[in-house]
Amino acid sequence: MRKLFLLGLTLFSVCSFGQDIKATTEDGKKVILKADKTWKYDELKTESKNTCVIEKGFKEPKYNTSSSWKRMGSTVDDLKKHISVDMGVKQEKIILLEVSEQLGNGVYILCVDGQKMKWRRTGSVFRKDGEDVLNMKNE
């Protein structure tokens, strides 16, 4: 019985040391730690996080086009113009995926040249999600 236990323990330890370990860095990137003390990025996880694929026949959700929103410059079309100038992307490559808007604010999920992005509107000011408009520094 003792020999069987030692054999099992030996097989278990050999198997556990020979496997790759998946880990996450402090900035959220996925990496694979290999048994030979090397590592590499887990490419499948990092690429699929921010990419978007638009199916054929996809139609953008309906959004408000009232005249009061046009006067404020806060329509989805204005957002697309803003993103186009800000990121240097043609407006045709900006596709609205989801929208949640009210008169005072809105949240927009867009596919911008193949990358999924979240933008917010407060009043008539558009900003990327997580961007602090009050603490902007000149670059």
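Within every chain, residues take consecutive numbers counted from 1 along the sequence as written. The predicted nature of this model means local features are confined to residues of pLDDT at least 70 and side-chain atom pairs, given and counted, to a pLDDT of 80 or more, with totals for whole chains, interfaces and linings taken over all residues. Derived side-chain values reflect all non-hydrogen atoms in the structure, with water molecules and hydrogen atoms excluded from consideration.

**Student:** It is not clear to me how the pattern of salt bridges should be interpreted in this structure. Could you clarify?
**Tutor:** Where charged atoms from two side chains of opposite charge come close, those side chains can pair. For this document, the term salt bridge refers to a Lys or Arg side-chain nitrogen within 4 Å of an Asp or Glu carboxyl oxygen. Tallied over the full model, the rule gives 3 salt bridges. Of the charged contacts in the structure, one is a salt bridge between arginine 120 and aspartate 129, with a shortest N-O distance of 2.5 Å. Burial classification: accessible surface area is computed with a 1.4 Å probe over protein chains only, and a residue below 20% of its type maximum counts as buried, one above 50% as exposed, and the rest as partly exposed. Arginine 120 gets classed as partly exposed once you look at its relative accessible area, which sits at 26%. Since its relative accessible area comes to 36%, aspartate 129 is described here as partly exposed.

**Student:** It is not clear to me how the packing of aromatic side chains should be interpreted in this structure. Could you clarify?
**Tutor:** Two numbers describe a pair of aromatic rings. These are the distance of the centres and the angle of the planes. Only the six-membered ring of Trp is used, alongside the rings of Phe and Tyr, when aromatic pairs are assigned; centres must lie within 6.5 Å, and planes under 30 degrees apart are stacked while those over 60 apart are edge-to-face, with the rest tilted. Enumeration according to the criterion identifies 2 aromatic pairs in this entry. With centroids separated by 5.3 Å and ring planes inclined at 85°, the aromatic side chains of tryptophan 39 and tyrosine 41 adopt a geometry described as edge-to-face. Exposure remark for tyrosine 41: the relative accessible area of 39% places this residue in the partly exposed category.

**Student:** What is the right way to look at the nonpolar core in this model?
**Tutor:** Core analysis: the biggest nonpolar cluster contains 12 residues, these being Val76, Leu79, Ile83, Val89, Ile94, Leu96, Tyr108, Leu110, Val112, Met117, Trp119 and Phe126. Working definition: helices are DSSP H or I runs of at least four residues, strands are E runs of at least two. Numbering for both runs from the N terminus. Put simply, the parts of the chain that give this core at least two residues each are helix H4 (76-87), strand S4 (94-101), strand S5 (105-112) and strand S6 (115-122). Here, two residues are considered to be in contact whenever any of their heavy atoms come within 4.5 Å of each other. If we ignore the near neighbours within four places in the chain, the residues touching leucine 110 are Leu79, Ile83, Ile94, Ile95, Leu96, Leu97, Gln115, Lys116, Met117 and Trp119. Note on terminology: a nonpolar core comprises buried Ala, Val, Leu, Ile, Met, Phe, Trp, Tyr and Cys residues joined through side-chain atoms within 4.5 Å.

**Student:** What is the right way to read the pairing of strand S2 (residues 30-33) from this model?
**Tutor:** Two faces make up the sheet, and in a regular strand the side chains alternate between them. In short, DSSP must find at least two bridges between two strands for them to pair. By the bridge criterion, 4 bridges tie strand S1 (residues 21-24) to S2 in an arrangement that is antiparallel. Bridge pairing in S2 links isoleucine 21 to leucine 33. Hairpin geometry of S1 and S2 is characterised by an intervening segment of 5 residues between the two adjacent antiparallel strands and by a positive phi of about 95° at glycine 28. In this structure, S2 lies alongside strand S3 (residues 39-41), joined through 3 bridges in antiparallel fashion. Residue pairing across strands places leucine 33 opposite tryptophan 39, the latter belonging to S3.

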